[in-house]
Amino acid sequence: MIELIEVTKRFGSETAVDRLSLRVEKGELCALVGTSGCGKSTTLRMINRLIEHSEGEIHLEGRQVREFDEQTLRRRIGYVIQSTGLFPHWTVARNIGLVPRLLRWPAPRIRERVEELMALLGLPVDSFADKYPHQLSGGQAQRVGVARALAADPDILLMDEPFGALDPITRESLQAELRDLQSRLHKTIVFVTHDMDEALGLADRLVVMKAGRIVQQGSPLELLRDPADDFVASMLGGDDRGLKEAALTRVSERMLPLSPRLIARARVPRDATLHQALAVMFREHADRLTVVDEDDMPVGELSLRRLVGARRDE
């Protein structure tokens, strides 16, 4: 869906992005992470030509981005930023309907799409359609920003620190909503964040950048289990990498067949993470858990030894 080939961006004598090559597959959520100034936001903005690249090529579905008219390109790519960018004197409904209006959709179709997205993002039409941005909480405004980005049903969504200004509880809630949305909509998303936990929890592919270059990329578990160097290991949490891995690994990957002779009283769902299972063990003062399915029926067991033991493929 998106391909960057030996892309470089210079600002005067400073090189912000240095011969970067990256493929983002259709339906993939790719998170760009790294220290401040590493070039991740610049990389994102070159995709929709908010910043023009100096060298190399950027392709969307095999076509170079410079072959597109800039406005046409941006209208087919959703874009979400930290400050939402909502027009303050427009209502929520009008803000969401911006791109469909620019694309000259019929008014009934625009209204239907706005109402559909408001329902999808937990913004009841009767309560929010006529409100203005200053009347919204930070989380509500960010939902409107996401709805506006999705309004014309773009295949690609670019998100630049979209939840960075929110409090932890609201941020976690919106992360969960984004995971749910992505599971249903399967958009191709490039997501920039400085929050490694956010990236680990959302990304299909994690791209770690340093000084304008990619240091390592792969699935979150691949990077956690085999970081390329000390920089990547540090970015991933250093000595806490094991706990972060536990937050991504499901109980079903480590459980053993149920022993009929000894069924532990403490229970954990098989789709829970190992991190959640460990929390249950601490709470229940138990070193063994019964694993249950969606109907609360025992399907296996998990011991503390198994929880912290070797992976299945080792």
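Just so you know, these numbers come straight off a predicted model, no measurement behind them.

K.L.:
I tried to follow helix H8 (residues 168-185) on my own but got confused; where do I start?
P.N.:
Counted at 1.5 Å a residue, the expected span for H8 with its 18 residues is 26 Å, and the 25 Å between its end C-alpha atoms agrees. Residues Thr170, Arg171, Leu174, Gln175, Leu178, Leu181 and Gln182 constitute the buried set of H8. Burial along H8 is one-sided: seen end-on, the buried residues are contained in an arc of 135 degrees. H8 presents Ile169 and Glu172 as exposed residues on the side facing more than 90 degrees away from its buried surface. Looking at where H8 begins, the residue whose side-chain oxygen comes 3.1 Å from the main-chain nitrogen of Ile169 is Asp167. Directly beyond the C-terminal end of H8, a positive phi value near 55 degrees is found at His186.

K.L.:
Would you explain the sheet that holds strand E11 (residues 267-269) in this entry?
P.N.:
Sheet strands associate in pairs through backbone hydrogen bonding, adopting either a parallel or an antiparallel arrangement. Overall, mixed pairing links the three strands, which are arranged E11-E12-E13 in an open sheet. Edge positions in the open sheet fall to E11 and strand E13 (298-303), since each of these has one partner strand only. Sheet twist, expressed as the mean angle between neighbouring strand axes with direction ignored, is 35 degrees. Alignment of strand E12 (residues 288-292) against E13, held across five bridges, turns out to be antiparallel. Across the sheet, residue Leu289 finds its bridge partner in E13, namely Leu302.

K.L.:
Before we go on, may I ask you to explain the sheet that holds strand E3 (residues 29-34) in this structure?
P.N.:
Spatial strand order, E6-E7-E8-E3-E9-E10: six strands in an open sheet with mixed pairing. For this open sheet the edge positions go to strand E6 (77-81) and strand E10 (213-218), each flanked by a neighbour on one side alone. Averaged over neighbouring strand pairs, the angle between their axes works out to 15 degrees when direction is ignored. Two strands pair when backbone bridges link them, and strand E7 (residues 156-160) and strand E8 (residues 188-192) are joined in this way by five bridges, in the parallel orientation. Across the sheet, residue Met159 finds its bridge partner in E8, namely Phe191. Set on the sheet, H8 makes contact with E3, E7 and E8; between it and E8 the angle comes to about 160 degrees.

K.L.:
How should I be thinking about the packing of aromatic side chains in this particular structure?
P.N.:
Each aromatic ring pair is specified by the distance between its two centres and by the angle formed by the two planes. What the rule picks out here adds up to two aromatic pairs. Their ring planes at 40 degrees and their centres at 4.5 Å tell us that Phe87 and Trp90 sit as a pair that is tilted. Exposure remark for Phe87: the relative accessible area of 37% places this residue in the partly exposed category. Between Lys9 and the ring centre of Phe11, over which it is positioned, the NZ or CZ distance is 5.0 Å. The cationic tip of Lys210 hangs over the ring face of Phe231; the distance from NZ or CZ to the ring centre is 4.8 Å.

K.L.:
Where do I start with the UniProt feature "domain: ABC transporter" (unreviewed entry) in the protein chain in this structure?
P.N.:
UniProt tags residues 2-236 as "domain: ABC transporter" (unreviewed entry). Here residues 2-236 runs as 39% helix and 26% strand, with 25 Å between its end C-alpha atoms.

K.L.:
Hey, could you run me through the pattern of salt bridges in this one?
P.N.:
Think of it this way: side chains of opposite charge can pair up when their charged atoms draw near. Using the criterion set out here, one finds 26 salt bridges in the structure. The closest approach of N and O atoms between Glu55 and Arg10, which form a salt bridge, is 2.7 Å. Taken together, the residues Glu55 in strand E4 (residues 55-60) and Arg10 in strand E1 (residues 2-11) connect sequence positions 45 residues apart. For Arg10, a relative accessible area of 37% corresponds to the partly exposed category. For Asp18, the salt bridge is made with Arg213, and the minimal N-O distance between the two is 2.8 Å.

K.L.:
When you look at the domain arrangement of the protein chain in this model, what are you seeing that I'm missing?
P.N.:
How large an interface is tends to be reported as the accessible area lost when its parts come together. In terms of domains, the protein chain is made up of domain 1 (2-244) and domain 2 (249-308). Here the C-alpha centroids of domain 1 and domain 2 sit 36 Å apart.

K.L.:
Mind showing me how you'd approach the nonpolar core here?
P.N.:
Here is a general trend for soluble globular proteins: nonpolar side chains tend to be buried in one another's company. Ile96, Met159 and Leu206 are the most contacted members of the largest nonpolar core, which has 48 residues in total. Element by element, the count of residues in this core is highest for helix H7 (residues 138-150), at six residues. Each residue touching Leu206, except ones within four places of it in the same chain, is listed here: Ala31, Val33, Met196, Ala199, Leu200, Gln216, Gln217, Gly218, Pro220, Leu223 and Leu236.

Procedures and definitions
Residues numbered from 1 in each chain as written. Predicted model: local features only at pLDDT ≥ 70, side-chain atom pairs only at ≥ 80, totals over all residues. Heavy atoms only, no water. Helix = DSSP H or I, 4+ residues; strand = E, 2+ residues; numbered from the N terminus. Expected span 1.5 Å × (residues − 1). Buried < 20%, exposed > 50% of the residue type's maximum accessible area, 1.4 Å probe, protein only. Arc of directions from axis to C-beta. Polar contact = N/O pair within 3.5 Å; in protein donor to acceptor, adjacent residues only side chain to side chain. Pairing = 2+ DSSP bridges. Axes fitted to C-alpha atoms, helices over the stretch in contact; angles between N-to-C directions. Contact = heavy atoms within 4.5 Å. Phe/Tyr/Trp six-rings, centres within 6.5 Å; stacked < 30°, edge-to-face > 60°. Lys NZ or Arg CZ within 6 Å of the ring centre and 35° of its normal. UniProt positions renumbered as here; feature names shortened; annotations may be inferred. Salt bridge = Lys/Arg side-chain N within 4 Å of Asp/Glu carboxyl O. Domains from an automatic or database assignment. Core = buried A, V, L, I, M, F, W, Y, C linked by side-chain atoms within 4.5 Å.

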